[in-house]
Amino acid sequence: MAKIIDGKYIAQQVRCEIKAETQALIAAGIRPGLAVIIVGEDSASKVYVRNKIKACAEVGFHSENYELPAETEQEELLSLIKKLNADPAIHGILVQLPLPRHLDENKVIAAIDPKKDVDAFHIQNVGKIMLGQYDFLPCTPAGVMKLLEYSGIDVAGKDCVVVGRSNIVGKPQAMLLLHANGTVQICHSKTKNLAEKTASADILIVAIGKAKFITGDMIKEGAVVIDVGMDRDENGKLCGDVDFDSCFDKASYLTPVPGGVGPMTITMLLRNTLSAAKLSMKQDIK
Ligand code: NAP
């Protein structure tokens, strides 16, 4: 029977730490500030943004929310980012993705000052992650690493399999596991004999966006299984990429959906914003 990794509880613990550090920083004269930009009417994105703003208030951050219409021109968005790059009250800038099709996501991300890029999507930050010399880590993979750490799961020497190779989850996740001395294999939609690979994992991390795709027969006895997926099942109920019921008896640790990786993502965004505020202090001293 698997131990359930309680992401909600762990996120709460980390947020308490962030709140305490924020109070100390405010006493030293800096209130961490996050600006969130959303373009268009995507309802799921709006919910994510609202949750991010609410989380900022809970830990004592300053936050600004920019809701722009779907037809916003690229230049208009870039000039807002430029203004926020120069604003000393803002330490983190987050542009909610996906953007409407007429906007060039790469150009928009590239316009964010890398020191304020709290999503860690800027090419400079991606390179730093590769080298292991980062200021920020992408929120979801960093959240997964925190879950492992809090659960006392040591990655060193373990066979780790990451299913999914997106730029925001799979690839950076693999890199973080490698930095933690795991032996890492990355699988994707063209992988041959996927079940054989997943069944070889001591630590299996799944981020593919396919409801209940990984079933009990695809995992190793005693595996740690982390489910990043956020999907809907046949009844429209929120579920993950892992079939929780069939994996429960076989896994040693398992994350639920909801209540596993999800709560950690916003928490790591808060952590990154706090780090950005601290970084700005160091720059002021120089
Ligand atoms: P994505 O950009 O769509 O990437 C999906 C990846 O899964 C791709 O690399 C794809 O392979 C691979 N894949 C798809 N079908 C596969 C299959 N049958 N077998 C093996 N690999 C397969 O997705 P994402 O943005 O990484 O998100 C993945 C999931 O995580 C989604 O459910 C998303 O909602 C969730 N998510 C959750 C959080 C959170 O905070 N909890 C954050 C981010 C994402 P190819 O590269 O070959 O196409």
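Criteria and cut-off values
- Residues numbered from 1 in each chain as written.
- Predicted model: local features only at pLDDT ≥ 70, side-chain atom pairs only at ≥ 80, totals over all residues.
- Heavy atoms only, no water.
- Pairing = 2+ DSSP bridges.
- Helix = DSSP H or I, 4+ residues; strand = E, 2+ residues; numbered from the N terminus.
- Near = heavy atom within 4 Å.
- Polar contact = N/O pair within 3.5 Å; in protein donor to acceptor, adjacent residues only side chain to side chain.
- Areas by Shrake-Rupley, 256 points an atom, 1.4 Å probe, with all protein chains shown as cover.
- Nonpolar A, V, L, I, M, F, W, Y, C, P; charged D, E, K, R; others polar.
- Core = buried A, V, L, I, M, F, W, Y, C linked by side-chain atoms within 4.5 Å.
- Buried < 20%, exposed > 50% of the residue type's maximum accessible area, 1.4 Å probe, protein only.
- Domains from an automatic or database assignment.
- Contact = heavy atoms within 4.5 Å.
- Expected span 1.5 Å × (residues − 1).
- Arc of directions from axis to C-beta.
- Axes fitted to C-alpha atoms, helices over the stretch in contact; angles between N-to-C directions.

(A) Quick peek at the sheet that holds strand E1 (residues 3–4). The strand order across the open sheet built from six strands is E1-E11-E8-E7-E5-E6, with neighbouring strands paired in parallel fashion. In the strand order of this sheet, the two ends are held by E1 and strand E6 (183–187), each with one partner. As paired elements, strand E5 (residues 159–163) and strand E7 (residues 203–206) share four bridges and run parallel to each other. Bridge assignment links Val-163 to a residue of E7, and that residue is Val-206.

(B) Just the site of the ligand, in detail. Neighbouring residues of the ligand: 22 residues in total, closest Arg-165, Ser-166, Ser-189, Met-230 and Thr-265. At 2.7 Å, a side-chain N or O of Thr-265 approaches an oxygen atom of the ligand. Burial of the ligand by the surrounding chains reaches 72%, relative to a free accessible area of 930 Å². Each residue belonging to the shell around the ligand can be placed in one class, and the counts come to ten nonpolar, nine polar and three charged.

(C) How the structure looks around the nonpolar core. Grouped together as the largest cluster of nonpolar side chains are 54 residues, with contacts concentrated most on Leu-148, Leu-177 and Ile-226. Looking at this core element by element, the count peaks at nine residues for helix H10 (residues 262–285). Per-domain counts for this core show at least three residues from each of domain 1 (29–114) and domain 2 (139–262). For Ile-226, the contacting residues outside a window of four places in its chain are Ile-5, Val-144, Leu-148, Leu-204, Ile-205, Val-206, Thr-255 and Val-261.

(D) Helix H1 (residues 7–27), seen in detail. For H1, which comprises 21 residues, the first-to-last C-alpha distance of 30 Å matches the rise-based estimate of 30 Å (1.5 Å per residue) to within 8%. The complete set of buried residues in H1 reads Gly-7, Ile-10, Ala-11, Val-14, Arg-15, Ile-18, Thr-22 and Leu-25. Considered in projection along H1, the buried side chains sweep an arc of 130° and stay on one side of the axis. Exposed side chains of H1 directed beyond 90 degrees from the buried face belong to Tyr-9, Gln-23 and Ala-27. One or two steps after H1, the chain reaches Gly-29, where phi turns positive at roughly 105°.

(E) Geometry of the sheet that holds strand E3 (residues 62–68). Strand order in the open sheet formed by three strands is E3-E2-E4, with parallel pairing between adjacent strands. At either end of the open sheet lies a strand with only one pairing partner, and these are E3 and strand E4 (92–95). Within this sheet the neighbouring strands show an average axis-to-axis angle of 15°, counted without direction. Alignment of strand E2 (residues 33–39) against E3, held across seven bridges, turns out to be parallel. What sits directly across from Val-39, in E3, is Leu-68.

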